[in-house]
Each structure stands twice: as C-alpha cells, then as structure tokens.
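# Reading the structure
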Amino acid sequence: MSALLMLCVALLLLGTPRCGAQHWEPCTDLRPLDILAEAVPLNGATSGIRMVQAEGVLGLQFSATEPRTMSFPASRIFSSCDLFPEEFSIVVTLRVPSLPPKKNEYLLSLLAEERDTLLLGLRYSPTQLHFLFLTEDLAGAWQTRVSFRSPGLVDSQWHTLILAVSQGSFSLTMDCGFPMDIMADVPFSPTLSVRGARFFIGSRKRTKGLFTGLIRQLVLLPGSDATPRLCPSRNARLAELSIPRVLKRLTEKPDANDVLKYPYEADMKVTLGSRPPCTKAEGVQFWFDAAQKGLYLCADSQWVSVLTAKTKLDYVEEHQSLHTNSETLGIEVFNIPGVGLFAATANRKARSAIYKWTDGKFVSYQNIATHQAQSWRHFTIGKKIFLAVANFGPNERGQEFSVIYKWSPRKLKFTLYQRIATHSARDWEAFIVDGEHFLVVANHREGDNHNIDSVIYRWNPSSQLFEANQSIATSGAYDWEFFTVGPYSFLVVANTFNGTSTQVHSHLYIWLVGAFQLFQSFLTFGAADWEVFHIGERIFLAVANSHSYDVQMQAQNDSYVLSSVIYELNVTAQNFVKFQDIPTCSALDWEFFSVGEDHFLVVANSFDGNTFSVNSIIYRWQGYEGFVAVHKLPTFGCRDWEAFNTTAGSYLIYSSAKEPLSRVLKLRTG
C-alpha cells in the first residue's frame, strides 16, 4: 500500500474529510441558527401557538394540546452530515411563571423518534437548570445530566440564558452576569448522531413537562461561545442574537398573515375613577387615574404604571423636628405588616428609642436600654420580626454585648431575644444565602487594637439562635453591605483605621463553597459606609470616605475634605472600576432613592475640619454626566440618612451625632 493511500485510510478513520475532497464542511452553518423560527409553522396554522405581550415585549406561548406543533426534523439544519457539533452555545430568552416545587419543564429537546430516545435536552425546575445529553460507547448508552443550581428563572421576568458547551466544560450565563462554570466527568459526545432525529420546542414530545411560560429567542450557535456576541448589553435580560421576525418590534404593524398565524392576546378592560382591586382573578385590567393623569396595568396583583405624568423632585422642605433621647448615630426605618411604619434611633446615651408613624409624623413608641448604640438592623426570618442593635460600649458590668430583639405580636413591642458578644460594634447586616439566614457584625476595635475579626453568624433552625459561622479579619470595621449579582452573593466591608492610618483597603468578598472569600480590594480613607444600587442594568457601589490621616504624616494628611468614590461593576472584567469621584466633608453615609424616573444619592457630610455645620448634598443621576449636585441641605453633624415612602408622599430623615435632634424632610414633587 502506498504512503499516500495509507494516509487517506488513517484520515478516514479519524473522521476527517476524505482524500480528494476540495475542502471540509461542517454539519451546519457556523452562524446563529434560529431554532424558534425554524419551528414556527409556515402554513398559517394557529393550533398550539399564541403571541403574548409581557413587560412590553412579545413572546410565544404554546398549547398543551399538540406538542408536535412546535417541532421540525434535525435534517433541516444538519444538511452536510449527521453529527451534532461538539462545541456550541444555546441562547434562550424566556419569561417563566412560578412552578410547584418538584415540577420540571422542557425548553428544548432533540429526540431520536424511532427509539423515542432523548439525545439532548434543556429543562428547568424552580431551583435548577438541567442540560441532558446522550453518551454512547462500546459498553452501551446512558444519559448524562449537568445541573446548574439556583439560576433564579422562576420570577415572571424576562431573562436571557447562554449555555456554552465545549467538551467537558459547561458554562451558564444569565443576563450577562457572572458565568456559572462546571467541569463534568463525562464530556459532551463528539459523535452524537442526529440521523432521524427531531427538535421539539418547549416539550419532550409529550404534554407532561410542557413549557408554560413565554419564549422569545431560542438559538443554536455551532462552534463557539455566544457570550462575547451578546455581552455586555444595555438590556441584558433581552440580549438578542436572533429572534423570529414576528417578535422583533412591538411597534411594527404586523403582517396580515402573521396575525392569522399567531393570535395576539389583547383582552382587557379599563376602569375609571378610584383605584379598583388588582388581583390575579381580575385578569388583564387597566386603571386610568384621572386625578394623577396616569394609566396603570394590573400585573402580579399590583398596579404598575404604564403611562403617567412624570413625577419630578422640585424641592425639599422640613416636615418634622424629631427630638431624640440623645445624639443619634443611626436610624433604621422599617414596616411591620398590619401594625405600621417605624423608625429606630441608635442613641449615644443609655436609651435608644423606637418611633411609630402616626398622623403623618413619628411619635415615641418604645424605649430600649442600649450602650452607645451605633446602628439598628431590621430583618425577618419566616414570620419572626427582629431588630439587632450594635452597641459600641460595655454594659454596667463591663461586658460588651450587642442585642437582638424580637417583635411580640401579643405585647406589640420588641423584647430581648439573644445577646451576642461583640467588640465596639458599629453595624449589623442581615442577609440570606442559599436559603440560610445570616448576620454579620462590624467589630470596630478591642481596646486599642483595631485589627480584629468581625464575625458572620448563621441562624440555626434547630436552636432558633444565631451561631458563629465565619470570622473575617477587619481594620476598624465600620459598615457591612450585602448584595447579589445574578446567582452570586457579595459582602463588602468598610475598614476605617488600622491603628496608624485611615488609608487602608476595604474588601469585597464573594460567597464560594460555603464561605466568603476575598474578591476585590479598594483603597479607602476612613471608609464609613458602602451603598449598593442599581440604575437600569448597571450596578454601582459608593463608598463614604471620612478622613485622610496617617500618624507619620499628620501635618500634611490630616484632612476631612476629600473625595468619596462611586464604582461601577464591569461585567466583562468581572470587577468594580472607578466611575466618579465626589468631593465630600467627612462623609459618613450614602443613601440612594428614586422619585418617579429620576435617581438620587444623598451624602451625610459631617465635618469640614472647622465646623459640624456643613451642607449635605443631594445628587441626581444624569446619565453620561454621572451624579450632579442639585440640592444643598443644611445639617449639623449629619450621621445617617434614610429614605422612606408613605401614602402621603416621599421623605428623607437624617440623624445628628452632635445634637439630640433628627429631622424629617418631605420631597415635594411636581
């Protein structure tokens, strides 16, 4: 046998193009293959398909009567050969309603019809997304399942998923967030044959497991990861690779044939006058409020503004001077269902207070013994309602405890529930990760040592108490802030002082493998507060820098007038980058709030190096310009801001660390 012939045989055995062929061709086009468009009937049939609008976006809904309606033979897109690509991406845009705990629904399946064997499938449950594929070798065939935990799909909102597969690597990205990566023991088969197979959209050819939500995009991209094509995106929940023409633009006048093919759901009624009930039983309903010139849609048992005269913040006026037991370090505003709106003040001296909103003002409701209280944190566990106070000083016996109080529905007041040993505690943060409840304390110092551990406590459902779970080294910790990005959970700490300097790194931690691990560090200057907020799809972190001081360079660096910083999450780089510097005067707090379509940040400026009588500033979001100062608010030793709403309007309340007087301000809108 000649050397050339032997080479040809070897290449054939390896599955490469035969000798004499001019070029190799893949089994499919290496372009986005719109599977949803392929499955849509071309004959105008209406059976089993309905076009529905949700959140101003069109999607397709399928009927349970005939799953085969949304299917097509695999040979339609696998024109050159019968092998499914070894590397590929599947892009899905969908809107999923709530599901019973154990129910699964299929988004896509590829079936070998003669054997009724599932070759490939994508299905989800309330807590997981499953990718299934068939693996075959000489020992036989078996089903492999790769499961992604808690994708957060079942919330009746639009989401775009990107599943990228490359041999044994599987990656899921939701809404252009951080990818969830899995390395499976069994790689995706490079020899998966689709001969005689058929794609089914929203089912596994059966009525059981039929997709009950809305689907807008379903695309197969052979040969590459689709994530760089879609992300970052201005509207990540609706990132678009390819969608059927009929769903592209809601404002387009639909083609007459399209109307016949896809019945459009538009049954509704409009109510005039006073606010009518909005329940799931009411169906599609609009309410026109003539007094406010607003049109509202009943969605998920809530009235959602569709069209209204824009609400603008005109000015801020003093609404109430709230006399407190002593200087107030922090304020927590919270609501107890069926009881009312409350504000808890953390007072410097022996008693802190709880106030109840009554007849448009806060009135004294309950006093609680505290020890140089710094802050309160309200949280719930099931039906239990708690308040945790961070005590900075020791009790009468010289012991340092911070205390958790529980609301008594019978006594209608808070009662002592649990004491926790802390060290000059500044702040509590409550949060939930993977269904478990946690509290983290900011331990500021122990004696003169500022470099000590702050502690995360986990709720034990058996003992009904919080127990130490993880310690994190901190330097003069002042504040904790918890937030989530997609499926990921984060904690960021404001480190203030390391014993010699306020120029220390504050740290951002990410929850991985059952614990928080360092994710990113920020150089801060006496950091006193972090505030996380969202504007559209963008995520921001603002730090309040209070003091630039170093014991070795006291004369030059003893400064209270310095910049606080706003950072923005860069999804591509997977970290926060500086977005804007804002000049502040010993800033101790940021508070984010919205009025109508406008977004604002208010800073607690406390001291300029000479006086505590300094203006705190309200900044308005102006897009490309960032945050721009719009209102100057005279304050005295301002320590904390809280924004809250009542039926009468929107308010701000601030506490003073230098006088026993807090002030409630009303936001006047036009």
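The coordinates are above.
Residues numbered from 1 in each chain as written. Predicted model: local features only at pLDDT ≥ 70, side-chain atom pairs only at ≥ 80, totals over all residues. Heavy atoms only, no water.

### Concerning the overall build of the protein
- Each helix and strand counted, the protein has five helices and 46 strands in total.
- When contacts within the protein are restricted to residue pairs at least 6 apart in sequence, long-range pairs at least 24 apart make up 50% of them.
- Within the structure as shown, the protein displays about 31,300 Å² of accessible surface, and the carbon and sulfur contribution to it stands at 50%. (Helix = DSSP H or I, 4+ residues; strand = E, 2+ residues; numbered from the N terminus. Contact = heavy atoms within 4.5 Å. Areas by Shrake-Rupley, 256 points an atom, 1.4 Å probe, with all protein chains shown as cover.)

### Focus: the environment of His534
- With respect to the helices and strands, His534 occurs in strand E36 (residues 527-535).
- Expressed as a C-alpha distance, the spacing of His534 and Glu568, which sit 34 residues apart in the sequence, is 9.7 Å.
- The residues touching His534, leaving out its near neighbours within four places in the chain, are Thr484, Ile539 and Phe592.

### A closer look at the state of the cysteines
- Considering all chains together, one arrives at one disulfide under this definition.
- Between the sulfur atoms of Cys176 and its disulfide partner Cys231 the distance amounts to 2.0 Å. Between Cys176 and Cys231, the S-S dihedral sits near -80°, and the bridge is therefore left-handed. Of the two residues, Cys176 sits in the loop between strand E11 (169-174) and strand E12 (180-183) while Cys231 sits in the loop between helix H3 (227-230) and helix H4 (256-261), which places them 55 residues apart along the sequence. Here Cys176 matches Cys231 in class, with each residue buried. (Disulfide = S-S within 2.5 Å. Buried < 20%, exposed > 50% of the residue type's maximum accessible area, 1.4 Å probe, protein only.)

### A few points about unusual backbone geometry
- Put simply, Cys231 and Pro232 share a cis peptide bond, and its omega is -5°.
- Structurally, the position occupied by Pro232 is in the loop between H3 and H4.
- At Ser424, a residue that is not glycine, the phi angle is positive and equals roughly 45°.
- As for its placement among the helices and strands, Ser424 is situated in the loop between strand E27 (413-421) and strand E28 (425-433).

### Topic: the sheet that holds strand E25 (residues 384-391)
- Taking strand neighbours across the sheet as the criterion, the four strands line up as E24-E25-E26-E27 in an open arrangement whose pairing is antiparallel. The outermost strands of the open sheet, each flanked by one partner alone, are strand E24 (373-381) and E27. Going across the sheet, the axis of each strand differs from the next one's by a mean of 25°, ignoring polarity.
- The pairing of E24 with E25 spans eight bridges and is antiparallel. Counterpart to Ala373 in the pairing with E25 is Asn391. (Pairing = 2+ DSSP bridges. Axes fitted to C-alpha atoms, helices over the stretch in contact; angles between N-to-C directions.)

### Remarks on the pairing of strand E14 (residues 214-222)
- Of all nine residues making up E14, nine are buried, and the element is well covered by its neighbours.
- Inspection of the sheet shows strand E1 (residues 33-34) paired to E14 by two bridges, in the antiparallel sense. Along E14, the bridge assignment pairs Asp34 with Val219.
- Sheet topology note: the strand E5 (residues 87-95)/E14 ladder contains eight bridges and is antiparallel. Bridge assignment links Val92 to a residue of E14, and that residue is Leu218.

### Regarding the packing of aromatic side chains
- Here the structure, examined in full by the defined rule, presents 61 aromatic pairs.
- Ring centres of Phe84 and Phe88 lie 5.0 Å apart, and the angle between their planes is 85°; on these two criteria the pair is classed as edge-to-face. For the pair shown, Phe84 and Phe88 are each scored as buried.
- Here the aromatic cluster, defined as three or more aromatic residues joined through ring pairs, consists of Phe72, Phe78, Phe84, Phe88, Phe131, Phe133, Phe170, Phe188 and Phe199. (Phe/Tyr/Trp six-rings, centres within 6.5 Å; stacked < 30°, edge-to-face > 60°.)

### Some thoughts on the pattern of salt bridges
- In total, this model carries 19 salt bridges according to the counting rule given.
- Linking Asp116 and Arg204 is a salt bridge whose minimum nitrogen-to-oxygen distance equals 3.9 Å. With Asp116 in the loop between strand E6 (105-112) and strand E7 (117-124) and Arg204 in the loop between strand E13 (197-201) and E14, the pair connects residues that are 88 residues apart, well separated along the chain.
- In this structure Asp116 comes out as partly exposed when scored by relative accessible area, which is 32%.
- Residue class for Arg204 comes out buried when judged on its relative accessible area of 12%.
- Here Lys312 makes a salt bridge to Asp598, at a shortest N to O gap of 3.5 Å. One end of the pair, Lys312, is in the loop between strand E18 (302-308) and strand E19 (313-323); the other, Asp598, is in strand E41 (residues 598-605), with 286 residues separating them in the sequence.
- Here Lys312 falls in the partly exposed class, since its relative accessible area comes to 40%.
- Through salt bridges with shared partners, one network takes in Glu55, Arg95, Arg237 and Glu537. (Salt bridge = Lys/Arg side-chain N within 4 Å of Asp/Glu carboxyl O.)

### A short note on the nonpolar core
- By size, the foremost hydrophobic cluster in this structure holds 78 residues, and its most contacted members are Phe84, Phe131, Phe188 and Phe199.
- With near-sequence residues (within four places) excluded, Phe131 lies in contact with Phe88, Leu120, Gly121, Leu122, Thr144, Arg145, Val146, Leu163, Val165, Phe170 and Phe188. (Core = buried A, V, L, I, M, F, W, Y, C linked by side-chain atoms within 4.5 Å.)

### Topic: a nonpolar patch on the surface
- Judged by side-chain polarity, Val270, Leu272 and Phe288 come together as a nonpolar surface patch covering roughly 290 Å² of accessible area.
- Note on placement: Phe288 falls in strand E16 (residues 285-289).
- Taking relative accessible area as the criterion, Phe288 reaches 33% and is therefore assigned partly exposed. (Patch = residues over 30% accessible without salt bridge, like charges linked within 9 Å, V, L, I, M, F, W, Y side chains within 5 Å.)

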